[in-house]
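Single-letter residue listing:
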Amino acid sequence: MEYVSKPDSYPLDDNTKMTYFNRFACCLVTYGHTRSIICDVQRNNYYLIPNSLYTLLTEEFPNFSIEEIYDSYGKENEKYLKDYLNFLLVNEIGFIDTQIIKELIPLNLNYKVAEPISSIIIDLSKESFFLEDSVHIAQFIDTNRVKHLQIRCYDVIDVNMFFKFLNNLSRTTLKGIEIILPYKMKLENRLLNKNIIKSNDKINRLIYFGCDKYKQEKYLNRIITYVEDKIINQKSCGLISSKHFNSNLETYTLSNSHNSCLYKKISIDSEGNIRNCPSMPQSFGNIKDITLEEALSHPDFKKYWNLTKDSIEVCKDCEFRYICTDCRAYTERTHTHSEGLDTSKPLKCGYNPYTGEWEEWSTNPLKEKAINYYEMQDLVKI
């Protein structure tokens, strides 16, 4: 969303008392190199604003009256100040009062999760041997009080085995399961949605990729989404897009304190290798040889958990850094942390915070070397 100036609705009156603009605590501001944003984390909404408005919100309004600000900025800036103030009021970013309300306590941005692991990703294929025995996975989910599971299938798999796998996870601590499937599985089985959803009442969303067009529907109050995206394998992961921005409080606070992709996440790839994410290069062992608990206790397993966007090149100057996800699996491979961590910008991000413009990431010649390194030529748009 772009900032749009509003009609004049706050006339100056020399006889009025001192008035003050108070920003709501749920409206958080993030500074960027070219522009800033206001995140209304209560309404899950955000607004692009000029950096000059960021200065007003963080330095001027909390300390001075509106009348004092008008006076200090001079007559030549009066219209801009009025437009800014009207924009803030129209969008309910704050309110005007005769005093600065001290009771508007800033939100605590510390992100704390009691569970040792909050989410798990499992990639499945026809050859995924652990489909037949999900007891260990179910026990790990319960022991660590895991809340979210994402299952990704890149090709058609045995449906009956899949239903058994889902049923074995139905009595765990999971609160939500998201499943990503190729659309051709749906074409081969018209009752697939019904049967999958009935196999586990924790399933809250089905996503089919490779469809003719985007559409969304519901079955038993579960969301079923059909997307056109071409998903080949785990290398299709890591796309950074404004479509995936999330400006709620959980995402904002998580991104402030930890890595928005890898924090408290564990994964099993289609061959049974245990990783932070199925796309990450480092494996901590195979599930047929070691337990998930043993992989979790490896000294390197949590090394990226606390790497925030504030420590990642380019991202640290981006206004979207607290509402965007990250990717450490596929980066531009340009920078390394003093402790050996990759702090390069995500490879599949086409946004330039220094110009405020988006471009197609795969056609950027500066990314060609990294694209070749990851052997992603089949993902490049021609």
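Report follows, based on the coordinates. Keep in mind the model is a prediction, meaning the values are calculated, not measured.

A word on the pattern of salt bridges. Per the counting criterion, the structure on display carries 14 salt bridges. When the shortest N-O distance is used, the salt bridge between aspartate 155 and lysine 184 registers 3.3 Å. Pair noted here: aspartate 155 is in the loop between β7 (148-153) and α5 (159-168) and lysine 184 is in helix α6 (residues 183-188), with a separation of 29 residues, a long-range link. Taking the relative accessible area as the measure of exposure, aspartate 155 reaches 35% and is therefore partly exposed. According to the relative accessible area criterion, lysine 184 is partly exposed, its value standing at 42%. Here glutamate 313 makes a salt bridge to lysine 316, at a shortest N to O gap of 3.4 Å. When its relative accessible area of 35% is taken as the criterion, lysine 316 is described as partly exposed. Among the charged side chains, a network of salt bridges with common partners joins Lys75, Glu78 and Lys82.

Another aspect to go through is the packing of aromatic side chains. Using the criterion set out here, one finds 21 aromatic pairs in the structure. On the basis of an interplanar angle of 75° and a centroid distance of 5.6 Å, the ring pair of tyrosine 263 and tryptophan 305 is categorised as edge-to-face. You can see tyrosine 263 sitting in the loop between α8 (249-257) and β12 (265-268) and its partner tryptophan 305 sitting in the loop between α9 (292-296) and β14 (351-352), a full 42 residues away along the chain. Neither residue differs from the other here; tyrosine 263 and tryptophan 305 are each classed as buried. Among the aromatic residues, ring-to-ring pairing joins Tyr46, Phe245, Phe320, Tyr351 and Trp358 into one connected group. The ring of tyrosine 226 is capped by lysine 215, whose NZ or CZ atom sits 4.9 Å from the centre of that ring. In this structure, arginine 333 is placed above the aromatic ring of tyrosine 373, and the distance from its NZ or CZ to the ring centre is 3.6 Å.

Helical periodicity: at 3.6 residues per turn, an α-helix aligns residues three or four positions apart in one direction. Of the positions making up helix α7 (residues 192-199), those classed as buried are Leu192, Asn193, Ile196, Ile197 and Ser199. Summarising the axial view, the buried residues of α7 lie within an arc of 160°, below the 170-degree limit, and thus occupy one face. Check the buried side of α7 and you find it contacts α5, β8 (176-182), α6, β9 (203-209), β10 (215-219) and β11 (222-226).

Relative to the assigned elements, cysteine 315 resides in the loop between α9 and β14. On the basis of relative accessible area, cysteine 315 is assigned to the buried category, the value being 8%. The residues contacting cysteine 315, other than those within four sequence positions of it, are Lys309, Arg321, Lys345 and Pro346.

Parameters at a glance
Residues numbered from 1 in each chain as written. Predicted model: local features only at pLDDT ≥ 70, side-chain atom pairs only at ≥ 80, totals over all residues. Heavy atoms only, no water. Salt bridge = Lys/Arg side-chain N within 4 Å of Asp/Glu carboxyl O. Helix = DSSP H or I, 4+ residues; strand = E, 2+ residues; numbered from the N terminus. Buried < 20%, exposed > 50% of the residue type's maximum accessible area, 1.4 Å probe, protein only. Phe/Tyr/Trp six-rings, centres within 6.5 Å; stacked < 30°, edge-to-face > 60°. Lys NZ or Arg CZ within 6 Å of the ring centre and 35° of its normal. Arc of directions from axis to C-beta. Contact = heavy atoms within 4.5 Å.

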